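So the chains spell out like this:
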Amino acid sequence: MIAVEEIEQWAKPDARTLKEGAFDTMTTYRTNWLRSDPVFYNQRTGKVSRSINDVIDFANLEFHPEGLSNYLAFGYSVFEQTPIKDVKFLRHSSKLTIEAQGNLSLQQLDDPAEALLSGRTRESDAIELLRNRVQDWESSVDGPIVIPTSGGYDSRILNLLVKDKSRIRSFTYGLSDRQLDHFEVVRARKLSEVMGTDWTWIPLGDFHEYLPDWDRLFGPSTHAHGMYHMEFYGKMRSLAPANSFVLSGVNGSAWAGELRPQSPRGPRDLIALGYTHGLCADSSQCVLRHSGDLWLQYWEEHREKLADPLYCLLSLVRMKAILLCYLKRVPISLGFQVWTPFHDIDVAFAMLTLPPERRLHRAWQRDLFRRHGLDLEALGLRAARADTINHHAMRRVPLAPLDARLLREAVKPSYVEWINRKVIGQMPLEEAKRWMLGLPKIGGAMRRLGITDDKLKAYRAYLTLRPIENAIRMRSLAQKGAGAVIDRTFRPAQKSEASVAAFAPVPDTRSMRHSS
C-alpha cells in the first residue's frame, strides 16, 4: 500500500540541475508499476522533476517532431517522449539516479506485473482483499472521508466498503444542462439516501477560468482537460472539513472489467491503447516531419506480449497514466491527502484475474450491489444522460482565440483558424445540430451518417493546442529574462454565493444536499 506521507511528498515536485556541479549524495527517482506519478527529465540540461515545467529550458525550447505529432494524436505525451525536444519521462518500474558527479543513470527494473498476469483469483477473495485494504486505510486516518461520487461502480463500491458510514462526505457534479437532472447526480443522491451518508451536489461551469492553474501544474505534458476537477475540488475544499481525506476510485473501472481493448495488429493500431475519447487534435496538421520511430520501437518491444488481452489492458492504463495522474494531483495541490486502493498491485490483479465471464460487464460487482440493495440501475431512475457541460462552459466563460502566428511552428495556421471559428464563433445552425445530436434516436441516426459535433471536435483540439501555445509564450518571456520561474500554486477562483446561486438550476422539491 502507498502511504499517505509518500503521496504528500510527491505533491511537492522539485528540480535538480545536474550539469552545474556535483552533489554530495545521490538522489533517486522511481516510478511504480503503473507510472501513476510521472517523472520528467531533460537529457540536455540534466534537470529532473515530477513537474514537466521544472525541467523545460524555456529560453531554448524546441519541439520534438515525433513527440509533438504523437502528443497531438493522443492528446498527451506517449512513448516516454514529450512534445518538447530533450524532455522525456520515465516508463513504469524505472529508477533514475542523479549520481554524485551529476550524471543521470537510468535503470529499467523488473516488471512486477508480468508474473501476475497468469494468476487466477476467486471472486470472494478479491472482494475480501478490497474490503480489508479500504478498511485498513480507513482505520489509519482520522477525520472525514471524502469520496467523489458519481454513483457509478467505482465510487459505489468505495462507499459500500467504508466501515463507518458516518465519516463519509460524498460530492457529485453533473454534466447536463440541468446538472441536478444528470444521471450521475441522480444516482449519487439515491446512493446516499440508501446508505444514509452525507452528500452534496457541486455545480460546475466556470472551469475555463482555471486554464492558467492547469498549465502551471501540467504544462505541455497533456491537454488542458481536467479544469473541471479544479473547479470541483476547489469548491469542495471550502465545504469539506479541513482534516478530510480523499478516497479515490481512479483506475477501478479498468481492473473491474469495463475496458476490453482489442490487441493491436500493427504499430498504427497502438492509437487504440491511448483510449483518447476523441480528446486530441489532428496530427496530420503538424508541420514537423518525422519517421514514426517511437511507434515502431514500442511495437517491436511489446508486440508478443500485447497478444495477451490482460497485458493489452495493462498497457492501456500505463500509457494513459501521464494524463490520469491529474485525478490525484489536482486534489493534492489543494491540500487534500489522497489514496486509492486501485493503485495497489495486489488489489488491481485480484480484480484483473477474476474469471473472464465474471469480469464481463462487471458481473461480479453487479451481483455484489444486488446483495446490498445498491442495484441503482434496476430502480428506473429518471435522469438526463447528455454530456453538455463543455458547451455550457464555452458559453459561460468564452475562450480566447488561439494565436495562429505563434502556433505556426507546430501546426498549420489554417487548422488553428478553423478551431477558432468553431470554438469562438457563434453559429446558430451548429447549436441546432448539437441539440439534435443529443436526441437519442435522431442523434444516433445522424452519427451513423457521419454527422458530428464539429464545435466539440474543435474544442478538444483547442484544449490540446493551448498548452503548446503557452509553452511558446513562456519561451518568449524567458528569452526576455522574465517568467523563468513558474509559480505552480493552485489558487481556486473565489465565487460569491450570489454567483453560484445564479448559476445553479432552481432545485424544485429536491435537495442539493443530503445528510444522514
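Please read all numbers here as calculations on a predicted model, not as lab measurements.

**Some details on the packing of aromatic side chains**
This structure, assessed with the given rule, holds 18 aromatic pairs. Taking 5.3 Å as the distance between ring centres and 65° as the angle between the ring planes, the aromatic pair formed by Tyr 153 and Phe 369 counts as edge-to-face. Here Tyr 153 is found in helix α5 (residues 153-161), whereas its partner Phe 369 is found in helix α15 (residues 363-371), with 216 residues between them in sequence. For the pair Tyr 153 and Phe 369, a shared accessibility class is recorded, and that class is buried.

**Here we look at the environment of Lys 480**
Relative to the helices and strands, Lys 480 resides in the loop between α21 (454-479) and α22 (497-503). When the C-alpha positions of Lys 480 and Ala 59 are compared, they lie 8.5 Å apart, and in sequence the two are 421 residues distant.

**Let's talk about the nonpolar core**
With 134 residues, the main nonpolar core has Phe 79, Ile 157, Leu 247, Trp 255 and Leu 465 as its most contacted residues. The element contributing the most residues to this core is α21, with 12 residues. With residues up to four places along the chain from it excluded, the contact list for Leu 465 reads Leu 72, Leu 402, Leu 407, Val 411, Tyr 415, Val 416 and Ile 419. Residues Tyr 29, Val 39, Leu 96 and Ile 98 belong to the second largest nonpolar core, which totals 7 residues.

**Here's the deal with the pattern of salt bridges**
On inspection of all chains with the given rule, the structure shows 33 salt bridges. A salt bridge links Arg 50 to Asp 37; the shortest N-O distance between them is 3.2 Å. Separated by 13 residues along the polypeptide, Arg 50 in the loop between β3 (48-49) and α2 (52-55) and Asp 37 in the loop between β1 (27-30) and β2 (40-42) bring together distant segments of the chain. Judged on exposure class, the residue Arg 50 and its partner Asp 37 are both buried. The closest approach of N and O atoms between Arg 405 and Asp 403, which form a salt bridge, is 4.0 Å. Since its relative accessible area comes to 52%, Arg 405 is described here as exposed. Several salt bridges converge on common partners, so that one network encompasses Glu 123, Arg 358, Asp 367, Arg 370 and Asp 375.

**Comments concerning helix α8 (residues 227-239)**
In an α-helix there are 3.6 residues to a turn, and that puts residues three or four apart on one side. With 13 residues, α8 should cover 18 Å at 1.5 Å per step; its first-to-last C-alpha distance of 19 Å lies within 8% of that length. All of the buried residues in α8 are Met 227, Tyr 228, His 229, Met 230, Glu 231, Phe 232, Tyr 233, Gly 234, Lys 235, Met 236 and Arg 237. For α8, the secondary structure elements touched by its buried residues are β7 (145-148), β8 (168-172), α7 (211-218), β10 (245-247), α12 (326-333) and α21.

**Overview of the packing of α8 against α12**
Viewed as axis vectors pointing N to C, α8 and α12 meet at an angle of 40°, and their least axial separation amounts to 10 Å. The angle between α8 and α12 falls in the class oblique. Where α8 crosses over α12, the handedness of that crossing is right-handed. In this structure, α8 contributes Tyr 228, His 229, Met 230 and Tyr 233 to the contact, and α12 contributes Tyr 326, Leu 327, Val 330 and Pro 331. Classifying every residue of the contact of α8 with α12 gives 7 nonpolar, 1 polar and no charged.

**Quick word on the side chain of His 229**
Its place among the elements puts His 229 in helix α8. Reaching out from His 229, the side chain makes a polar contact with the side chain of Tyr 173 at a distance of 3.5 Å. Leave out the neighbours within four places in its chain, and His 229 touches Tyr 173, Gly 234, Tyr 326, Leu 327 and Val 330.

**Overview of the sheet that holds strand β5 (residues 94-98)**
Sheet strands line up and pair through hydrogen bonds in the backbone, either parallel or antiparallel. If you trace the 3 strands from one edge of the open sheet to the other, you get β1-β5-β6, paired in antiparallel fashion. Edge positions in the open sheet fall to β1 and β6 (104-108), since each of these has one partner strand only. Each strand axis lies, on average, 15° off the axis of its neighbour in the sheet, ignoring direction. Alignment of β1 against β5, held across 4 bridges, turns out to be antiparallel. Residue pairing in the sheet places Thr 28 in a bridge with Thr 97 of β5.

**Regarding helix α10 (residues 293-302)**
Inspection of α10 places Leu 294, Trp 295, Tyr 298, Trp 299 and His 302 among the buried residues, and these make up the whole buried set. Seen along its axis, α10 keeps its buried residues to an arc of 135°; they face one direction. Against α3 (65-74) and α11 (309-324) lie the buried residues of α10.

**With respect to the side chain of Arg 329**
Here Arg 329 lies in helix α12. You can call Arg 329 buried: its relative accessible area is 14%. One polar contact links the side chain of Arg 329 to the main-chain carbonyl oxygen of Pro 38, over a distance of 3.4 Å. Apart from the residues within four sequence positions on either side, Arg 329 is in contact with Asp 37, Pro 38, Arg 50 and Phe 218.

**Notes on the sheet that holds β2**
Ordered by their spatial adjacency, 3 strands build an open sheet running β3-β2-β4, and the pairing between neighbours is antiparallel. At either end of the open sheet lies a strand with only one pairing partner, and these are β3 and β4 (87-89). The pairing of β2 with β4 spans 3 bridges and is antiparallel. Within the sheet, the bridge partner assigned to Phe 40 lies in β4 and is Phe 89.

**Observations regarding the packing of helix α4 (residues 123-140) against α5**
When two helices pack together, their arrangement is captured by the angle between the axes and the distance separating the axes. At a minimum axis separation of 9 Å, α4 and α5 run at an interaxial angle of 65°. When the axes of α4 and α5 are compared, the pair comes out roughly perpendicular. The chirality of how α4 crosses α5 is right-handed. In contact with Leu 130, Arg 131, Val 134, Gln 135 and Glu 138 of α4, α5 contributes Ile 157, Leu 158 and Leu 161. Tallied by class, the residues present in the contact of α4 with α5 amount to 5 nonpolar, 1 polar and 2 charged.

The rules we used
Residues numbered from 1 in each chain as written. Predicted model: local features only at pLDDT ≥ 70, side-chain atom pairs only at ≥ 80, totals over all residues. Heavy atoms only, no water. Phe/Tyr/Trp six-rings, centres within 6.5 Å; stacked < 30°, edge-to-face > 60°. Helix = DSSP H or I, 4+ residues; strand = E, 2+ residues; numbered from the N terminus. Buried < 20%, exposed > 50% of the residue type's maximum accessible area, 1.4 Å probe, protein only. Core = buried A, V, L, I, M, F, W, Y, C linked by side-chain atoms within 4.5 Å. Contact = heavy atoms within 4.5 Å. Salt bridge = Lys/Arg side-chain N within 4 Å of Asp/Glu carboxyl O. Expected span 1.5 Å × (residues − 1). Axes fitted to C-alpha atoms, helices over the stretch in contact; angles between N-to-C directions. Parallel < 35°, antiparallel > 145°, perpendicular 65-115°, else oblique. Left-handed = near helix turned anticlockwise from the far one by under 90°. Nonpolar A, V, L, I, M, F, W, Y, C, P; charged D, E, K, R; others polar. Polar contact = N/O pair within 3.5 Å; in protein donor to acceptor, adjacent residues only side chain to side chain. Pairing = 2+ DSSP bridges. Arc of directions from axis to C-beta.

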